[in-house]
There are 2 protein chains.
Amino acid sequence: MESFVTKASASAQPLKNADELIDSVETFIFDCDGVIWKGDKLIDGVPETLDMLRSKGKRLVFVTNNSTKSRKQYGKKFETLGLTVTEEEIFASSFAAAAYLKSIDFPKDKKVYVVGEDGILKELELAGFQYLGGPEDGGKKIELKPGFLMEHDKDVGAVVVGFDRYFNYYKVQYGTLCIRENPGCLFIATNRDAVTHLTDAQEWAAYVMCISILGGGSMVGAFVGSTQREPLVVGKPSTFMMDYLANKFGIQKSQICMVGDRLDTDILFGQNGGCKTLLVLSGVTSLSMLQSPNNSIQPDFYTNKISDFLSLKAAAV
Amino acid sequence: MESFVTKASASAQPLKNADELIDSVETFIFDCDGVIWKGDKLIDGVPETLDMLRSKGKRLVFVTNNSTKSRKQYGKKFETLGLTVTEEEIFASSFAAAAYLKSIDFPKDKKVYVVGEDGILKELELAGFQYLGGPEDGGKKIELKPGFLMEHDKDVGAVVVGFDRYFNYYKVQYGTLCIRENPGCLFIATNRDAVTHLTDAQEWAAYVMCISILGGGSMVGAFVGSTQREPLVVGKPSTFMMDYLANKFGIQKSQICMVGDRLDTDILFGQNGGCKTLLVLSGVTSLSMLQSPNNSIQPDFYTNKISDFLSLKAAAV
């Protein structure tokens, strides 16, 4: 696993003066699950809060480690919930994988082997990269019998691994061959989350009931075991997306506030990137978890939900 | 990954006086692949060498990280090759998993969930443990759709993970639920080898051609990713098998010589256990690999093959 240095910080403060925070930053990065919505339900007051922030000229960015959907597919989810969000405001780890390959000028005559779902394929296609694997390898099997010799494509220059419910031996074997035997082949992970965030109401229910659903970390772990290499992670809490945003829009990282419901991904992601951080208690983290002596990750501020921006603002007037 | 402290050792010496080594130890532990056989072929001079060692009253033990076969099934392999070896002399990591559970008095009313092949099931059965999973879960699928809720057996008290060519999402999800949600559930790995040792002639051919075939490390890695826990490893290079042997037979570890063809599993295993170590060059390690400045693992001695025990003995007379 990567290790990140967590900045030594004092205990998180309850957010009291929202205006002060809002005025001090140019961009808000929001995690989605537990911040904007829970499953198929918007969290109270989200549309009004986003409208208020936009009216103040703030840039809004929505990030998710879920790689199963593309930006476009996420856009539809926002639309369904009645939120107007452009594709450019959405940073899913599927997009991050393609953006990373673009950022390093990954050659267009090389191919990407995908262990993951449709979102990654869609983003690679949009970015103009050639790929193979993905869902179509879900039914493939290997028979380790005499005479067996697995051929692999020598033009694969990167293996991208994300959450994949059709994960199997074949895919790990194929991707491992590429990583181990194609000179310079990259090993890229969309994320290493132990449990996944699924956005369906039932799945969310299962999730908050602590019925752990495997995350991308499991698929990535299989490759770490077989290749004995560490992946380059493009999703949270790696800072790639933050660096990309700062670079693309010319934002100072101290002018960004990361808002999320999870300490070990969202808040750590913000802190790794040198941003301000706000924990909302509308998702998986409770106040007692935040204040537990076992927790070493302290955001700058915490509050119940993002619509507190409205009430705390009103109170301050 | 576990980290083991490698004892600082001088460069390996070529074995010159086999009698001196033989006289100084009571037990020889042999790795099998690359030491006793390659695929379906015995390595030259092995039967005579084993006979000589037995005639001198040496205890012989054969270890393998391969968990796909039980001791009994390995016994047949030895028999087919014309070697007389008793089941008690064979320590496969399948057996080690069952022996470990016995050693900690794992309750007989608890169950073991198996991600692995037939060898593990057979050994658990012989040891009197209840198990589920294994090959029969190879065809199972999960649909992460609304309404999905995976039930798991609350009586599973240990998950044993080894090489499994029918590895799939279902098994990782099931085992992860047990590890994360059953209080005290153990996470046991037969081994973490990145590539596997298969004993079939064709597979061995593929292996030496550096066509990497996934090892147990890949299956274990998936669980490390999903549970964020480290497994208890019972195979090489963990010292469990060595401790078990020393304990069972009352042997001083300094009275054991570990003979193997791999530096990072066999020789490290011997060194971790405080044994003498002999590298044979009849498997995957060449003299130049041993003497490379990049290699930090130095056995006490090295020689071409175990039958050098006979010629070096003759020369010494």
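What comes next concerns the included structure. Since the structure is predicted, the reported quantities are computational estimates derived from the model, not experimental observations. (Residues numbered from 1 in each chain as written. Chains lettered and ligands numbered in written order. Predicted model: local features only at pLDDT ≥ 70, side-chain atom pairs only at ≥ 80, totals over all residues. Heavy atoms only, no water.)

### Things to note about the pattern of salt bridges
Item 1. Following the criterion strictly, the structure yields 32 salt bridges over all chains and no others.
Item 2. As a salt-bridge pair, B:Arg192 and B:Glu230 come within 2.9 Å of each other at their nearest N and O atoms. Note that B:Arg192 is positioned in the loop between strand S10 (186-189) and helix H7 (201-208) and B:Glu230 in the loop between helix H8 (216-227) and strand S11 (232-233), a separation of 38 residues in sequence.
Item 3. We classify B:Arg192 as buried; its relative accessible area is 12%.
Item 4. With relative accessibility at 45%, the residue B:Glu230 sits in the partly exposed group.
Item 5. Linked by salt bridges that have partners in common, A:Asp19, A:Asp23 and A:Lys56 make up one network. (Salt bridge = Lys/Arg side-chain N within 4 Å of Asp/Glu carboxyl O. Helix = DSSP H or I, 4+ residues; strand = E, 2+ residues; numbered from the N terminus. Buried < 20%, exposed > 50% of the residue type's maximum accessible area, 1.4 Å probe, protein only.)

### Quick look at the environment of A:Met258
Residues and elements named next belong to chain A.
Item 1. Looking at the secondary structure, you find Met258 in strand S12 (residues 256-260).
Item 2. On the accessibility criterion, Met258 (0% relative accessible area) is buried.
Item 3. In this structure the C-alpha to C-alpha distance between Met258 and Leu279, which are 21 residues apart in sequence, comes to 8.4 Å.
Item 4. Apart from residues lying up to four places away in sequence, Met258 is in contact with Ile29, Phe30, Asp31, Val63, Asp266, Phe269, Gly270, Lys276, Thr277 and Leu278. (Contact = heavy atoms within 4.5 Å.)

### Remarks on the sheet that holds strand S2 (residues 27-31) of chain A
Sheets are built from strands that pair by backbone hydrogen bonding, the pairs being arranged parallel or antiparallel.
Residues and elements named next belong to chain A.
Item 1. With parallel pairing, seven strands are arranged side by side in an open sheet as S1-S14-S13-S12-S2-S5-S6. Taken across any chain shown, the strands that pair with only one partner, and hence form the sheet edges, are strand S1 (13-14) and strand S6 (90-92).
Item 2. Bridge count for strand S5 (residues 59-64) against S6 is three bridges, and the pairing is parallel. Each bridged residue has a counterpart across the sheet, and for Val63 the counterpart in S6 is Phe91.
Item 3. The sheet strands contacting helix H2 (residues 46-55) are S2 and S5, and the helix crosses S5 at an angle near 135°.
Item 4. Contacting S2, S5, S12 and strand S13 (276-280), helix H10 (residues 263-272) crosses the sheet at an angle of about 160° to S13. (Pairing = 2+ DSSP bridges. Axes fitted to C-alpha atoms, helices over the stretch in contact; angles between N-to-C directions.)

### Here's the deal with the side chain of A:Thr68
All names here are of chain A.
Item 1. You can see Thr68 is positioned in the loop between S5 and helix H3 (71-80).
Item 2. Classification of Thr68 by relative accessible area gives buried; the value is 10%.
Item 3. Engagement of the side chain of Thr68 in a polar contact is seen with the side chain of Asn66, the distance being 2.6 Å.
Item 4. Setting aside residues up to four positions removed in sequence, Thr68 forms contacts with Gln73, Glu117, Asp118, Gly119, Phe163 and Arg165. (Polar contact = N/O pair within 3.5 Å; in protein donor to acceptor, adjacent residues only side chain to side chain.)

### Some details on helix H5 (residues 118-126) of chain A
Residues and elements named next belong to chain A.
Item 1. Restricting attention to buried positions, one finds in H5 the residues Gly119, Ile120, Leu121, Glu123 and Leu124.
Item 2. Where H5 is buried, its residues touch H3, helix H4 (93-103), strand S7 (111-115), strand S8 (130-133) and strand S9 (156-161).
Item 3. One or two steps after H5, the chain reaches Gly128, where phi turns positive at roughly 85°.

### Some remarks on the nonpolar core
Item 1. Ranked by internal contacts, the top residues of the largest apolar core, which has 54 residues, are A:Val159 and B:Val159.
Item 2. Filtering out sequence-adjacent residues up to four positions away, A:Val159 remains in contact with A:Tyr113, A:Gly175, A:Cys178, A:Ile179, A:Cys185, A:Leu186, A:Phe187, A:Ile188 and A:Phe223. (Core = buried A, V, L, I, M, F, W, Y, C linked by side-chain atoms within 4.5 Å.)

### A look at unusual backbone geometry
Item 1. A cis amide bond links A:Lys236 with the next residue in sequence, A:Pro237, at an omega value of 0°.
Item 2. Structurally, A:Pro237 is set in the loop between strand S11 (232-233) and helix H9 (240-249).
Item 3. Its identity as a non-glycine residue notwithstanding, B:Asp105 has a phi of 55°, on the positive side.
Item 4. Relative to the helices and strands, B:Asp105 resides in the loop between helix H4 (93-103) and strand S7 (111-115).
Item 5. Of note, the phi angle at B:Gln228 is positive, near 55°, even though the residue is not glycine.

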